[in-house]
Amino acid sequence: SAAVANDGRLIIVGDIYSEIFDGDELNSPFVRVYKANGTAESTRYFGTGASDVCEGVAVQGDSIYVAGLTAGAFVGTNQGSIDAWLARFPWSSVP
């Protein structure tokens with residue numbers, strides 16, 4: 001999924017199948033930001049240690065909002081086999 005910020009930056013979110021967390025091969029979400037001129041600005045990976053996928057992204061004000069599904073738990077306990085999640089990343093927290 002992709003979104004464009006007011007300043008022209010492009011935000012792309014998705015998930016990759018990798019060994020980023022705990023050495024297990026799982027889907028791990030990422031946020032990638034490109035400057036308005038197309039140059040890559042930053043990439044951030046995150047996840048739970050279980051399979052996590054990104055389903056959408058939106059930008060509002062000084063924040064990037066990312067939504068998805070997880071087989072793990074970001075906070076607390078997983079409430080079923082698959083839970084939905086929503087994460088907010090202030091621009092300052094995206095390296």
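Everything numeric in this text was worked out from a predicted model, so none of it was measured.

Caption draft 1: Structural view of the overall build of the chain. Scanning the chain from terminus to terminus reveals zero helices and seven strands. For the chain, the N- to C-terminal ordering of α and β elements is β-β-β-β-β-β-β. Computed over the C-alpha atoms, the radius of gyration of the chain is 14 Å, within 12% of the 12 Å expected from 2.2 N^0.38 for a compact globule of 95 residues. Judged by the C-alpha coordinates and their principal axes, the chain covers about 40 × 25 × 20 Å. In the chain, buried positions account for 36% of the 95 residues. Only carbon and sulfur atoms are counted for the fraction: they give 49% of the accessible area of the chain, which is about 5,300 Å². When the 5 basic and 11 acidic side-chain charges of the chain are each reduced to a single mean position, those positions are 15 Å apart.

Caption draft 2: Summary view of the pairing of strand S4 (residues 40-45). When strand S3 (residues 26-34) meets S4, the two strands line up antiparallel, connected through five bridges. Bridge pairing links valine 31 to arginine 44 in S4. Once S3 ends, the chain turns through five residues before running back antiparallel as S4, passing glycine 38 with a positive phi of about 95 degrees.

Caption draft 3: Looking closely at the nonpolar core. Membership of the largest hydrophobic core comes to 16 residues, with the highest contact counts inside it found for Ile11, Val31, Ile64, Val66 and Phe89. Contributing elements (two or more residues each) for this core: strand S2 (10-18), S3, strand S5 (52-60), strand S6 (63-70) and strand S7 (83-90). Counting residues per element, this core draws most heavily on S7, at three residues. Ignoring any residue separated from it by four or fewer positions in sequence, one finds isoleucine 64 in contact with Ile11, Val31, Val33, Val57, Ala58, Ala87, Arg88, Phe89, Trp91 and Val94.

Caption draft 4: Quick look at the packing of aromatic side chains. For the structure shown, the criterion picks out five aromatic pairs. Aromatic side chains phenylalanine 46 and phenylalanine 89 sit 5.2 Å apart centroid to centroid with 55 degrees between the ring planes, which places their arrangement in the tilted category. In this pair, phenylalanine 46 is assigned in the loop between S4 and S5 and phenylalanine 89 in strand S7, connecting sequence segments 43 residues apart. Taken together, the ring pairs connect Phe46, Phe74, Trp85 and Phe89 into an aromatic cluster. Taking the ring centre of tryptophan 91 as reference, the NZ or CZ of arginine 9 above it sits at 3.8 Å.

Caption draft 5: Main features of the pairing of S3. Pairing geometry for S2 and S3, over nine bridges, is antiparallel. Bridging from a neighbouring strand, serine 18 pairs with leucine 26 of S3.

Caption draft 6: Representation of the pattern of salt bridges. Using the criterion set out here, one finds two salt bridges in the structure. Between aspartate 7 and arginine 9 there is a salt bridge, and its shortest N-O distance comes to 2.8 Å. Judged by its relative accessible area of 18%, arginine 9 is buried. Salt bridges sharing common partners tie together Asp7, Arg9 and Glu41.

The rules behind the values
- Residues numbered from 1 in each chain as written.
- Predicted model: local features only at pLDDT ≥ 70, side-chain atom pairs only at ≥ 80, totals over all residues.
- Heavy atoms only, no water.
- Helix = DSSP H or I, 4+ residues; strand = E, 2+ residues; numbered from the N terminus.
- Rg over C-alpha atoms; globule rule 2.2 N^0.38 Å.
- Buried < 20%, exposed > 50% of the residue type's maximum accessible area, 1.4 Å probe, protein only.
- Areas by Shrake-Rupley, 256 points an atom, 1.4 Å probe, with all protein chains shown as cover.
- Lys, Arg positive; Asp, Glu negative; His and termini not counted.
- Charge placed at Lys NZ, Arg CZ, Asp CG, Glu CD.
- Pairing = 2+ DSSP bridges.
- Core = buried A, V, L, I, M, F, W, Y, C linked by side-chain atoms within 4.5 Å.
- Contact = heavy atoms within 4.5 Å.
- Phe/Tyr/Trp six-rings, centres within 6.5 Å; stacked < 30°, edge-to-face > 60°.
- Lys NZ or Arg CZ within 6 Å of the ring centre and 35° of its normal.
- Salt bridge = Lys/Arg side-chain N within 4 Å of Asp/Glu carboxyl O.

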